[in-house]
Amino acid sequence: MGFFKRLFDSASDSIKKSVEERKQELLKSVEERKQEFLQNVEDRKNEALAKIGLKSENSDNSHKSEGSKPSNSIRPDKSTILPENNKNVSKIYNTEIMEHEIQPQSFSAKLETLIKSALKDGILTDKEREIIKIIKEAIDTNNKDNTSSNEITDGEGAVIYLNGEKRPLSKAMTSIELYAFRNQTNIERIILPSNIQEIGTYAFEKCSLLSVDFSQCKELKKIGDNAFYGTKIKEMIIADSVEVIGPNSFDYCDNLKTIVMPAALKEIKPRLGDYMEQLKKIDFSKVRNLKTIPKEFVGFGCDKLKELVIPQGVVEIEDDAFAELDNLKRLFLPPTLESIGDLEHKRLSIYCFSPLLEELEPIVYGWDDDDDDDDDDDDRDEEDLEELEDKKKMKIKLFVLPQYLDKYIAQRNAERIPEDILVIDVIPEEYRYYYDN
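Note that residues are indexed from 1 along each chain, following the sequence as it is written. Side-chain atom pairs in this predicted model are given and counted only at pLDDT of 80 or more, local residue features only at pLDDT of at least 70, and totals for whole chains, interfaces and linings cover all residues. Excluded from the side-chain calculations are hydrogens and water; all other atoms, namely the structure's heavy atoms, are used.

**Student:** So what exactly am I meant to see when it comes to the nonpolar core here?
**Tutor:** The nonpolar side chains of a soluble globular protein tend to be buried, and buried together. By size, the foremost hydrophobic cluster in this structure holds 86 residues, and its most contacted members are Phe228, Phe250, Met261, Phe322 and Ile363. Per the convention used, a helix needs a DSSP run of H or I reaching at least four residues, while a strand needs a run of E reaching at least two, with both numbered from the N terminus. Those elements that provide at least two residues to this core are strand S3 (158-162), strand S6 (187-191), strand S18 (330-333), strand S20 (347-352), strand S21 (395-400), helix H11 (405-414) and strand S22 (422-426). Think of a nonpolar core as a cluster: buried Ala, Val, Leu, Ile, Met, Phe, Trp, Tyr and Cys residues, connected wherever their side-chain atoms sit within 4.5 Å. Each residue is placed in one exposure class: buried if its accessible area under a 1.4 Å probe, protein chains only, is under 20% of its type's maximum, exposed if it is over 50%, and partly exposed if it falls in between.

This is the structure:
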């Protein structure tokens, strides 16, 4: 709870301190809203004005010409509806308060508070209550027309949805701290602030989070270890500014189907996540700065991931990078790749666009030509015999571009790898677009 208190305290302080700085911005925003209100609910406004004696400034000439704009304000006729000695009602209609202190989105709520206070004191007449009711309805209608029920409108703010209710997050936030939302069961969605720079370790661990919106993040650089451990997110489109993704960031995200990697990505720590049971796609299409795919890139229990396209720019794939991906069927390697570690796959189709890899033997890791020279099975225990049988069943298909075919065949022969274990052929036409610029 201390974290939430700091959040809301920060938001409150930020509003108080920035009133004067945002004065002109709020004035412009209020005027624009009033213009939209006049255009969209003209009939309702006229009916309300006629009913209670309100009038719109310049109402006689606000629509004289096609290019003219409607009046920027609607004000009460104070001579007919505002008793000078009624301070509560005067405060409600005080133009300076409405335009400079009260933000449009919160005006209706503050108005309601003032109404309750005035009613409690018993100082409102029936006519004044009717006036307040119509004004509140008009403001609510205007806000509804200008704000979708699920989205923010200022392009800079940030919100969190708790039990279906939208709560603001401070724009001053620069990080989401360690364990910040851990085990919170009422969080549905979060739109992260534009100034956020880091998501801390276990920040959202086992919370009820269904989606994260990174669209406003411009400064976010790092996602910490286990940051989204055990959440129910279905799609993760990571902010393009992120450079580092920590280990186990998506452990046990068993609803996660797609991860879209950020354009600025420079480093992925080992084990992106275990038991991402629904994961079908890791999209690297925007990535250009990543140089290495780490050991155990993806962990256990990701059985629906059957294809991986390694991005342009990667020069090295470390040992056992895909060792836990038992159902991986197709692996695409970029033109920039120079070396690849042990793959530990018995059956895999590899589409390699690199002119020539340093070694081919790691591709068929587990095969050893010395095994073929040893015909004495009597000295082998049962486990050794099973391993030997597995090696005999191994069959890797390596597809290369036509201009590199002879080089790869020559290298396979030089490394004494049997052609029935490593089959080399030309990349089919339908796959050759993968790394087109």
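Next comes the rest of the account.
**Student:** How do you make sense of the packing of aromatic side chains when you look at a structure like this?
**Tutor:** The geometry of an aromatic ring pair is captured by the separation of the ring centres together with the interplanar angle, meaning the angle of the planes. Any pair of Phe, Tyr and Trp rings, taking the six-membered ring for Trp, is counted once the centres come within 6.5 Å. Such a pair is stacked with planes under 30 degrees apart, edge-to-face with planes over 60 apart, and tilted for the rest. For the coordinates displayed, the defined rule picks out 16 aromatic pairs. Aromatic side chains tyrosine 252 and tyrosine 275 sit 5.3 Å apart centroid to centroid with 25 degrees between the ring planes, which places their arrangement in the stacked category. Here tyrosine 252, found in the loop between strand S11 (244-245) and strand S12 (258-260), pairs with tyrosine 275, found in the loop between strand S13 (267-268) and strand S14 (281-283); they are 23 residues apart in sequence, far enough to count as distant. You can call tyrosine 275 partly exposed: its relative accessible area is 34%. Taken together, a centroid distance of 4.7 Å and an interplanar angle of 15 degrees make the contact between phenylalanine 332 and tyrosine 351 stacked. Taken together, the residues phenylalanine 332 in strand S18 and tyrosine 351 in strand S20 connect sequence positions 19 residues apart. In this structure phenylalanine 332 comes out as buried when scored by relative accessible area, which is 0%. Three or more aromatic residues joined by ring pairs make a cluster, and in this case those are Phe332, Tyr351, Phe399, Tyr431, Tyr433 and Tyr434.

**Student:** How do you make sense of H11 when you look at a structure like this?
**Tutor:** Spacing of three or four residues puts side chains on the same side of an α-helix, whose turn is 3.6 residues. Residues of H11 that are buried include every one of Leu405, Tyr408, Gln411 and Arg412, and no others. Along H11, the residues classed as buried sweep out an arc of 130 degrees about the axis, all on the same side. In H11, those exposed residues whose orientation departs by more than 90 degrees from the buried face are Asp406 and Ala414. Pairs of residues are marked as contacts when any of their non-hydrogen atoms sit within 4.5 Å. Each element contacted by the buried residues of H11 is listed here: S20, S21 and S22. Arginine 416 occupies a position one or two residues after H11 and carries a positive phi of about 60 degrees. The arc in question is formed by the directions pointing from the helix axis toward the C-beta atoms.

**Student:** Explanation requested: the pattern of salt bridges in the structure shown.
**Tutor:** A pair can form between side chains of opposite charge whenever their charged atoms are brought close. By convention in these notes, a salt bridge is any Lys or Arg side-chain nitrogen within 4 Å of a carboxyl oxygen on Asp or Glu. Evaluated as defined, the whole model comprises 11 salt bridges. Across the pair glutamate 243 and lysine 221 runs a salt bridge whose closest N-O atoms are separated by 3.8 Å. On the criterion of sequence distance, the pair formed by glutamate 243 in the loop between strand S10 (235-237) and S11 and lysine 221 in the loop between strand S8 (211-213) and strand S9 (222-223) is long-range, its members being 22 residues apart. Between arginine 432 and glutamate 429 there is a salt bridge; the shortest N-O distance is 3.2 Å.

**Student:** Sorry, what's going on with the sheet that holds S18 here?
**Tutor:** Working definition: the strands of a sheet are paired by backbone hydrogen bonds and lie parallel or antiparallel to each other. Whether two strands pair comes down to DSSP finding at least two bridges between them. With respect to topology, five strands assemble into an open sheet ordered S16-S18-S20-S21-S22, the strand pairing being parallel. The strands lining the two open edges of the sheet, one partner per strand, are strand S16 (307-309) and S22. When the angles between neighbouring strand axes are averaged without regard to direction, this sheet yields 15 degrees. Docked against the sheet, H11 engages S20, S21 and S22, running at close to 170 degrees with respect to S22. Between the N-to-C directions of two axes lies an angle of 0 to 180 degrees, each axis being a line fitted to C-alpha atoms and, for a helix, fitted only over the stretch in contact.

**Student:** Just checking my understanding: could you explain unusual backbone geometry for this structure?
**Tutor:** As a rule of thumb, non-glycine residues mostly have phi less than zero, and peptide bonds are mostly trans rather than cis. In this structure, asparagine 183 takes a positive phi of about 60 degrees despite not being glycine. Relative to the elements of secondary structure, asparagine 183 occurs in the loop between strand S5 (175-176) and S6. Despite not being glycine, asparagine 226 has its phi angle at roughly 55 degrees, a positive value.

**Student:** Where do I start with a nonpolar patch on the surface in this structure?
**Tutor:** Together, Tyr252, Tyr275 and Phe300 make up an exposed nonpolar region whose accessible area comes to about 290 Å². Given the relative accessible area of 39%, tyrosine 252 is considered partly exposed. To count toward a patch, a residue needs a relative accessible area above 30% and no salt bridge. Like charges then connect within 9 Å, nonpolar side chains (Val, Leu, Ile, Met, Phe, Trp, Tyr) within 5 Å. Surface exposure here means Shrake-Rupley accessible area, sampled with a 1.4 Å probe, where a residue is shielded only by the protein chains that are shown.

**Student:** Explain the environment of glutamate 205 here, please?
**Tutor:** The residue glutamate 205 is located in the loop between strand S7 (198-199) and S8 in this model. What glutamate 205 contacts, discounting residues up to four positions off in sequence, is Tyr179, Phe181, Arg182, Asn183, Ala227 and Tyr229.

**Student:** Would you take a moment to explain the confidence of the model for the protein chain for this structure?
**Tutor:** Low-pLDDT portions of the prediction should not be read for the details of their coordinates. In this model, the protein chain carries an average pLDDT of 74, and 57% of its residues clear a pLDDT of 70 or more. Confidence scores here are pLDDT values: one per residue, from the predictor, ranging 0 to 100. Across residues 51-106, confidence stays below pLDDT 50; counting only partners more than four residues off in sequence or on other chains, it has 100 contacts. Within the model, pLDDT remains below 50 along residues 145-156, and this stretch shows 28 contacts once partners closer than five positions in the same chain are excluded.

**Student:** Mind showing me how you'd approach the pairing of S21 here?
**Tutor:** In the case of a regular strand, side chains alternate between the two sheet surfaces. Sheet analysis places S20 next to S21, joined by six bridges and oriented parallel. Each bridged residue has a counterpart across the sheet, and for leucine 348 the counterpart in S21 is isoleucine 396. Taken together, the five bridges between S21 and S22 define a ladder with parallel strand orientation. Opposite lysine 397, over in S22, you have valine 423 as the bridge partner. Look down the strands so they point away from you; if going from the first strand over the helix to the second traces a clockwise path, that crossover is right-handed. Following the chain from S21 across H11 to the adjacent parallel S22, one finds a crossover that is right-handed.

**Student:** Hey, could you run me through the sheet that holds strand S19 (residues 339-340) in this one?
**Tutor:** Spatially, three strands are ordered S15-S17-S19 in an open sheet, and the strand pairing comes out parallel. Each of the sheet's edge strands pairs with one partner strand only, and the pair in question is strand S15 (292-293) and S19. One ladder, built from two bridges, connects strand S17 (residues 316-317) with S19; its direction is parallel. Opposite glutamate 316, over in S19, you have serine 339 as the bridge partner.

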